[in-house]
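So the chains spell out like this:
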Amino acid sequence: KAFIGRRQQHFNFSAQVLLDFEPMHDGEEAGLCVMCRDTYHYEIAVTRQEGHKKIILRKRVEDITVVTYEEAIPQGSVILRIEGSPHEYSFLYACNDGDFEMAGSGATKLLSGELAEIWTGNYIGMYATGNGRKSSVPADFDWFDYAPAEE
């Protein structure tokens, strides 16, 4: 697993990446996440499941992990976006320069330092994983942008 991120500095922000990733085997995955610690994070990702390229939204809080959104997508590049506000994170994606689709949202309080018992703050970042196996193709992140939103 590889991760590169930056600290969340604003309650209201937008972070997005352009990802070119064509997973060849089930379980290969790359995406954008907001992470408090290794057992407290949300991610919007491109993956392959049952032979199909998909967008997923996964939420993990302690020992509970749930995929709350999954949708088959076409080949080509994807823009992944996380929008933050004081009470929730919103997760969006756009395929091949199309319109943004909402994948869902997650409560900010579930990624708080008080709940996770860590005081470093949250990170927004890009990651790629083979989920226990060596990945057969690279995940190409063309750009990453983080900007505060108007309050």
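Caption draft 1: Region of the structure containing the sheet that holds strand β10 (residues 123-129). Pairing is antiparallel in the open sheet, where six strands are placed in the order β1-β10-β3-β4-β5-β6. Of all strands in the sheet, those with a lone pairing partner are β1 (2-7) and β6 (64-72), marking the two edges. Going across the sheet, the axis of each strand differs from the next one's by a mean of 20°, ignoring polarity. Relative to β10, β1 runs antiparallel, the two being bridged by six bridges. Within β10, the position partnered with Arg7 by the bridge is Tyr123.

Caption draft 2: Structural view of the nonpolar core. Among the nonpolar cores identified, the biggest contains 30 residues, and Ile55, Leu80, Phe91 and Tyr93 are the most heavily contacted of them. Non-local contacts of Leu80, meaning those with residues more than four positions away in its chain, are made with Ala15, Gln16, Val17, Leu19, Gly31, Leu32, Ile44, Ile55, Leu92 and Tyr93.

Caption draft 3: Seen up close, unusual backbone geometry. One non-glycine residue, Glu62, lies in positive phi territory at about 55°. As for its placement among the helices and strands, Glu62 is situated in the loop between β5 (52-61) and β6. In this structure, Asn96 is a non-glycine residue whose phi angle is positive, near 50°. Looking at where Asn96 falls in the secondary structure, it is placed in the loop between β8 (88-95) and β9 (101-107). Asn96 sits in the partly exposed class, given a relative accessible area of 38%.

Basis of the calculations
- Residues numbered from 1 in each chain as written.
- Predicted model: local features only at pLDDT ≥ 70, side-chain atom pairs only at ≥ 80, totals over all residues.
- Heavy atoms only, no water.
- Pairing = 2+ DSSP bridges.
- Helix = DSSP H or I, 4+ residues; strand = E, 2+ residues; numbered from the N terminus.
- Axes fitted to C-alpha atoms, helices over the stretch in contact; angles between N-to-C directions.
- Core = buried A, V, L, I, M, F, W, Y, C linked by side-chain atoms within 4.5 Å.
- Buried < 20%, exposed > 50% of the residue type's maximum accessible area, 1.4 Å probe, protein only.
- Contact = heavy atoms within 4.5 Å.

Any functional reading would require information that these geometric values do not contain.
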